[in-house]
Every structure is written in C-alpha cells, then in structure tokens.
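Listed below are the residues making up each chain.
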Amino acid sequence: MNDQALVLGIETSCDETGIGVVRGSELLADAIASSVDAHSRYGGVVPEVASRAHLEAMAPTVRRALDTAGVALKEIDAIAVTAGPGLAGALLVGVAAAKAYALAADKPLYGVNHLAAHVAVDRLEHGPLPEPALALLVSGGHSSLLLIDDLARGVRPLGATIDDAAGEAFDKVARLLGLPFPGGPPIDREARAGDPGAINFPRGLTSPRDLARHRFDFSFSGLKTAVARWVEARERAGEPVPVADVAASFQEAVCDVLVRKALDACSEHGVDTLLIGGGVAANSRLRSMAEQRCAKAGVRLRAPRPKLCTDNGAMVAALGAHLVEAGVSASTLEIPADSALPVTTVSLHAGL
Amino acid sequence: MRILVVDTATPAVTAAVAEVAESGVTLGPARITVNPRAHGELLSPAIQAALTEARIAPADLDAIVAGVGPGPYTGLRVGLVTATALGQALGVPTYGVCSLDGIGAAASAPGRLLAATDARRREIYWRVYDDGAPVTEPAVDQPAEVARQLPQLGVARAAGDGALRYAEQLGVPVADEPRFPDAATLVRAACDRILSHAPSEPLTPLYLRRPDVATPGARKPVLR
Ligand SMILES: [Zn+2]
C-alpha cells in the first residue's frame with residue numbers, strides 16, 4: 001500500500017503536449033508529443049497549429065503515459081493541468097481534456113500555474129524544495145525571478161523581462177545566424193567551438209541607473225539588436241560571420257545577466273537555494289555558469305535535468321502531488337483556461 | 001443504450017443524454033447554454049448536470065456522439081477533446097457527426113434547405129439538405145457567394161443562426177428554429193453506428209480553413 005498521491009499531469013500551454021504521471025516525488029512517466037517541427041518553418045510557434053496538434057495528440061499521449069507508468073486511469077488519485085499562463089487556445093485543449101478525465105474517473109482536478117510547475121518539477125529529482133528558495137525561470141515564453149516562500153499557496157515575483165523572453169532572444173539570434181528553430185539547442189552547440197569573450201555584447205539592465213529601477217528585471221531586446229548590428233556590419237564589409245564566436249558571446253551575455261541577477265536576489269532576500277527551470281535552463285553554459293557562481297556564493301543550486309526543464313507533463317503532475325500533500329483544495333469543473341494567469345496564483349479554486 | 005451527445009460547434013454549448021433503441025431515439029436531460037466565449041467553462045459542468053439529472057454515472061454510458069463541426073476552432077476543440085477523453089477514460093466508442101446535420105436534418109419541411117451557422121469573419125458554414133439528407137459537402141463561404149449558388153441548388157428555405165444573421169443577403173426565408181444543432185437529431189445521425197456497435201472513430205474536426213500563419217519575411221536591416 002502506497003499512500004503517496006498518484007497524479008496525472010497535463011501540459012498544453014505552448015507547443016508540447018506533455019503528459020506526466022508521478023507518485024509523490026517519484027516520476028513514473030513523462031510522455032511528450034511536440035509540434036515543434038510544424039512551427040520551425042515559421043520561425044516561431046503558431047498558436048492555431050499548436051492547438052490543432054494538442055487535440056490530435058491528447059488521447060494517444062495520455063495512453064502512452066499511463067502505459068509507461070503501468071497504471072490505469074481509475075487508479076489515479078488526482079488530475080492536474082496547466083490552467084495558465086500560455087497560449088489561450090492551446091491551454092483550453094488541455095484544460096477541457098483534464099476536466100473530462102476528472103469527470104469520467106470521478107477524481108479531483110487541479111488547475112495549476114505553469115511557472116509554479118517549473119519549480120515543482122525539481123522534487124522529482126532532488127526531493128522537496130527547501131523554502132524559501134529563489135527560482136529563475138527562463139524559456140521562450142517567460143523570464144522570471146520568483147521568491148518561493150510556500151510553493152503550494154503563493155510565490156512572489158521579484159522581476160521579469162520587460163521585453164523579449166530569454167528564449168525568444170535565442171530564437172531570433174539563431175535565425176540571424178542561419179540556425180534552425182528553436183534556437184536554444186543549435187546556439188548551445190555552436191557556442192562550444194566559439195570564444196565567449198570574442199565580442200562584448202551588452203548586458204541589459206545592469207547599469208547603475210537601470211538597476212535602481214529594474215534590479216531584478218531583464219531585457220533582451222537590446223542584446224538581440226546589438227547582435228543583429230554586429231552581424232550586419234560584418235556582412236556589409238564582405239567578411240565571413242564567425243558563427244561560433246557570435247553564438248558563444250551572445251550566450252555568455254544572456255547567461256551572465258541571468259545568473260548575476262539571480263544571485264543578487266538570493267543575497268538580497270537571504271535565500272541560499274537557487275532553482276533554475278524553463279527551456280533556457282537546459283542550456284549547458286547557463287548550467288555550468290550557475291554552478292560555478294553558486295558554489296562561490298555559497299548558494300545551493302537545484303537544476304533539474306534538461307528534459308525536465310523544458311515544458312512537460314511531469315512538472316504539472318509534480319505540482320499536483322505537492323498540492324495534494326499540502327491539503328490545498330481542488331479546482332471545480334468550471335475553471336477557465338487563463339492565458340494571463342498571474343504567477344501569484346499557484347492553483348485555481350472555486351470562487352477564484 | 002445510453003448515449004451522451006455533445007456539440008460545441010456554435011455559440012450553443014450542448015450536452016444531453018439520450019436513450020437509443022431499435023425503436024428510435026429518446027432525448028433525456030439536456031443542458032444547452034448559448035455563450036460564444038465560454039465553451040471551456042460550460043461543457044464539463046453541463047455534462048455532469050445532465051448525467052446527474054438522468055441519474056446515471058459516466059460509467060453507465062454506452063457511447064458518445066459529438067458534433068465535429070464545422071465551427072469556430074477554439075470552441076469546437078473543447079467538445080471534441082472532451083468527448084475523446086471521456087470515450088477513452090470510459091472505454092466506450094465515440095462517433096462523430098456533422099454539426100450542420102443537427103440543423104439540416106432537424107428542420108422539418110419537405111424540399112431543399114440550407115443549414116448555416118456563423119463562421120465569424122463575415123462567413124458562414126453551410127450545407128444543403130434534401131428532406132433531411134445532405135446533398136452537398138460542408139463548406140465555408142461569404143453569404144453572398146452562398147446566395148449565388150442557392151438557385152442552382154434548388155434551395156428555397158434556410159435555417160440556423162448563420163442563416164438568421166445573413167437572412168437578407170441569402171434572399172430565402174429563414175426558419176426561426178432550429179438555430180443551433182439539435183441534440184436528438186445529432187444522435188439520430190449516429191444511430192446506425194450505435195446500434196451496430198460500430199468501431200470507435202477518431203473525432204476529427206471539420207476546420208475547413210487552413211490555420212492563419214505568417215511565414216517570416218526577409219530579415220529587416222538594423223543598420224541605416
Ligand atoms: Zn515553460
């Protein structure tokens with residue numbers, strides 16, 4: 001007899017149909033169907049294409065996750081689903097499906113926050129998160145610094161991007177360099193052969209004047225433009241573009257700002273645990289830089305393995321399990337999908 | 001046999017329970033709410049309410065019938081993913097029917113009839129019926145284009161909220177009812193499959209339009 005909650009998690013906030021199964025802190029299945037190939041020729045995620053793909057992938061991916069976990073739907077204790085933030089039409093497919101599974105199996109439903117799920121996923125790898133902790137969440141859709149006092153009931157946003165998300169900057173720079181979409185993995189790969197100090201690209205919102213107003217905020221739009229100018233100047237001069245050096249120098253600038261601000265937030269709030277998550281947290285340079293600088297600052301780094309950093313259903317199931325353990329009340333079948341769900345709302349209840 | 005029918009192809013969010021026998025279809029408790037923006041919030045509670053009123057549990061259902069559109073995508077997908085997930089979870093077959101059939105086959109009068117629903121963007125989803133049987137494929141067009149084709153199709157009447165909205169342009173009399181797909185009619189369209197225990201079908205939406213996508217243009221220069 002196992003008294004830990006067996007939770008099915010559904011994630012459809014962007015282009016991945018992710019279905020996860022966890023028992024307490026144990027990962028049983030993490031099935032993903034991605035529509036990324038359908039988006040690559042457009043250079044970005046096309047919402048309607050993503051929504052159509054979620055509908056097609058839902059039932060087969062749930063089947064695959066349950067089979068992998070070796071459990072039947074009727075054994076599941078709770079269903080968790082990303083209720084927001086994300087692409088409205090994409091979220092709606094997951095939320096509607098989760099309601100139907102909850103209704104059919106007569107199980108509680110938890111509509112949860114995508115960002116909180118990125119934080120919760122680490123329990124599957126490193127056990128319960130010590131609180132308070134600081135979370136740096138960076139992906140194509142979000143770039144946030146969060147103070148986690150109580151993951152079940154509320155997280156406090158300290159800062160966020162004021163323009164592009166970090167992952168968006170990777171996508172745009174990749175396109176500039178003729179690399180495929182999504183830009184994160186190819187830039188990471190190219191950068192390994194490059195010199196991160198070759199070009200001194202700007203670090204957004206790090207000047208004393210900017211820090212006064214935006215100490216924990218990010219900006220990647222200026223960096224993206226700086227890279228574009230640099231590349232264009234080379235092309236105009238008829239010189240070859242050193243792709244590896246540009247990739248490495250750009251990546252260095254992004255990671256430098258992210259880690260610097262995250263550690264500044266740790267020291268400001270007296271927090272000694274830093275968690276990184278989101279697709280950009282799969283970047284090898286961000287991981288190694290965070291590791292080195294955290295060690296130096298006496299901060300414990302919690303970095304889930306790359307597959308758990310990118311969007312997946314296991315993270316949603318992990319947050320669901322955490323909410324069940326914390327005795328948080330379930331959501332009703334009336335909950336909406338909320339594309340702009342504030343990060344302070346970890347899960348939706350009746351009356352919310 | 002106990003059937004759940006759902007349709008979210010129009011602003012009407014429909015969930016109903018029906019009894020299907022060789023003798024015909026008997027509609028049981030139904031929940032129909034007209035709201036073009038809240039399909040996701042309304043559908044599952046509507047299903048739950050209809051089942052409760054029918055005093056049956058989800059596990060008592062023998063099959064699920066879903067209107068597969070055509071309809072505005074976001075709402076349409078709510079019905080289809082809900083029906084698909086219910087069918088999967090309960091281990092019962094799902095059958096798709098054209099949502100326009102719920103109007104075209106329900107409007108009772110002899111002769112040819114246009115069934116039309118609102119496709120937004122000043123277009124309608126439409127299909128022509130002869131004594132309740134479809135004689136054209138479902139399509140999406142501007143009302144003026146549909147009006148142009150009506151004489152050669154021999155259509156003299158119309159029904160559905162799309163026809164009501166563009167009655168003037170269509171130039172044929174439009175019935176007040178049915179405005180939206182009728183639940184019992186949708187079940188009737190799947191009756192043979194239900195009674196013969198036909199294999200479950202994937203519920204593929206009738207989108208009729210390709211997704212709106214913009215292919216990225218050439219790089220914009222940043223240097224002057
Ligand atoms: Zn994410």
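Fair warning: this is a prediction, and the values are worked out from it, not measured in the lab. (Residues numbered from 1 in each chain as written. Chains lettered and ligands numbered in written order. Predicted model: local features only at pLDDT ≥ 70, side-chain atom pairs only at ≥ 80, totals over all residues. Heavy atoms only, no water.)

Q: Hey, could you run me through the overall build of chain B in this one?
A: Secondary structure assignment for chain B yields 8 helices and 10 strands. Radius of gyration (C-alpha) of chain B: 19 Å, near the 17 Å computed for a compact globule of 224 residues. Projected onto the principal axes, the alpha-carbon positions of chain B cover approximately 70 × 55 × 30 Å. If you take every contact in chain B between residues at least 6 apart in sequence, the share linking residues at least 24 apart comes to 63%. Positive and negative side-chain charges of chain B, numbering 21 and 23 respectively, have mean locations separated by a distance of 12 Å. (Helix = DSSP H or I, 4+ residues; strand = E, 2+ residues; numbered from the N terminus. Rg over C-alpha atoms; globule rule 2.2 N^0.38 Å. Contact = heavy atoms within 4.5 Å. Lys, Arg positive; Asp, Glu negative; His and termini not counted. Charge placed at Lys NZ, Arg CZ, Asp CG, Glu CD.)

Q: I keep staring at the nonpolar core and nothing clicks. Help me out?
A: One broad trend across soluble globular proteins is that nonpolar side chains are buried collectively. All names here are of chain A. Membership of the largest hydrophobic core comes to 75 residues, with the highest contact counts inside it found for V21, I79 and Y101. It is helix 3 (residues 88-105) that provides the largest number of residues to this core, a total of 12 residues. F170, A174, A281 and M289 belong to the second largest nonpolar core, which has 51 residues in total. (Core = buried A, V, L, I, M, F, W, Y, C linked by side-chain atoms within 4.5 Å. Buried < 20%, exposed > 50% of the residue type's maximum accessible area, 1.4 Å probe, protein only.)

Q: What is the right way to look at the packing of helix 2 (residues 47-69) of chain A against helix 3 of chain A in this model?
A: Residues and elements named next belong to chain A. Where helix 2 contacts helix 3, the axes come no closer than 9 Å and their chain directions differ by 30°. In terms of orientation, helix 2 lies roughly parallel with respect to helix 3. Note that helix 2 runs across helix 3; the crossing there is right-handed. For the pair helix 2 and helix 3, the contacting residues are S51, H54, L55, M58, A59 and V62 in the first and G89, A90, V93, G94, A97 and Y101 in the second. (Axes fitted to C-alpha atoms, helices over the stretch in contact; angles between N-to-C directions. Parallel < 35°, antiparallel > 145°, perpendicular 65-115°, else oblique. Left-handed = near helix turned anticlockwise from the far one by under 90°.)

Q: I would appreciate a short explanation of the interface of chain B and chain A in the present structure.
A: Accessible area lost on assembly of the parts is the figure often given for the size of an interface. On the side of chain A, 38 residues touch chain B, which itself brings 37 residues to the contact. Note on chain B versus chain A: buried area summed over both sides is about 3,200 Å², and carbon and sulfur give 67% of it. The interface formed by chain B and chain A holds 1 salt bridge in total. Among the ionic pairs, R77 of chain B bridges to E48 of chain A, the shortest N-O distance being 3.0 Å. Of all the secondary structure elements, the ones that give two or more residues to the side of chain B that touches chain A are helix 1 (39-53) and helix 2 (73-90) of chain B. If you tally residues by element for the side of chain B that touches chain A, the top one is helix 2 of chain B, at 13 residues. In terms of residue class, the side of chain B that touches chain A is built from 20 nonpolar, 9 polar and 8 charged. (Buried area = accessible area lost by both parts, 1.4 Å probe. Salt bridge = Lys/Arg side-chain N within 4 Å of Asp/Glu carboxyl O. Nonpolar A, V, L, I, M, F, W, Y, C, P; charged D, E, K, R; others polar.)

Q: Quick question: what am I supposed to make of unusual backbone geometry here?
A: The phi angle of most residues is negative, glycine excepted, and most peptide bonds adopt the trans form. Residue P85 of chain A is reached from G84 of chain A by a cis peptide bond, and omega for that bond is -10°. Secondary-structure assignment places P85 of chain A in the loop between strand 4 (78-84) and helix 3. Cis geometry is found at the peptide bond from E131 of chain A to P132 of chain A, where omega equals 0°. Here P132 of chain A is to be found in the loop between helix 5 (123-126) and strand 6 (133-138). Even without being a glycine, D106 of chain A presents a positive backbone phi close to 55°. Assignment of secondary structure puts D106 of chain A in the loop between helix 3 and strand 5 (109-113). Positive phi is not limited to glycine here, since R120 of chain B has a value of about 60°. Tracing the chain through its elements places R120 of chain B in the loop between strand 6 (112-118) and strand 7 (124-130). Under the relative-accessibility criterion, R120 of chain B is labelled partly exposed at 35%.

Q: Sorry if this is basic, but what is going on with the pattern of salt bridges here?
A: Side-chain pairs of opposite charge can arise where the charged atoms are in close proximity. Residue and element names in this part refer to chain A. Tallied over the full model, the rule gives 29 salt bridges over all chains. The partner of R63 in a salt bridge is D67, with the nearest N and O atoms 3.3 Å apart. In this pair, R63 and D67 are both assigned in helix 2, 4 residues apart and thus about one turn of the helix distant. For R63, a relative accessible area of 38% corresponds to the partly exposed category. In this structure, R305 engages E125 in a salt bridge whose closest nitrogen and oxygen atoms are separated by 2.3 Å.

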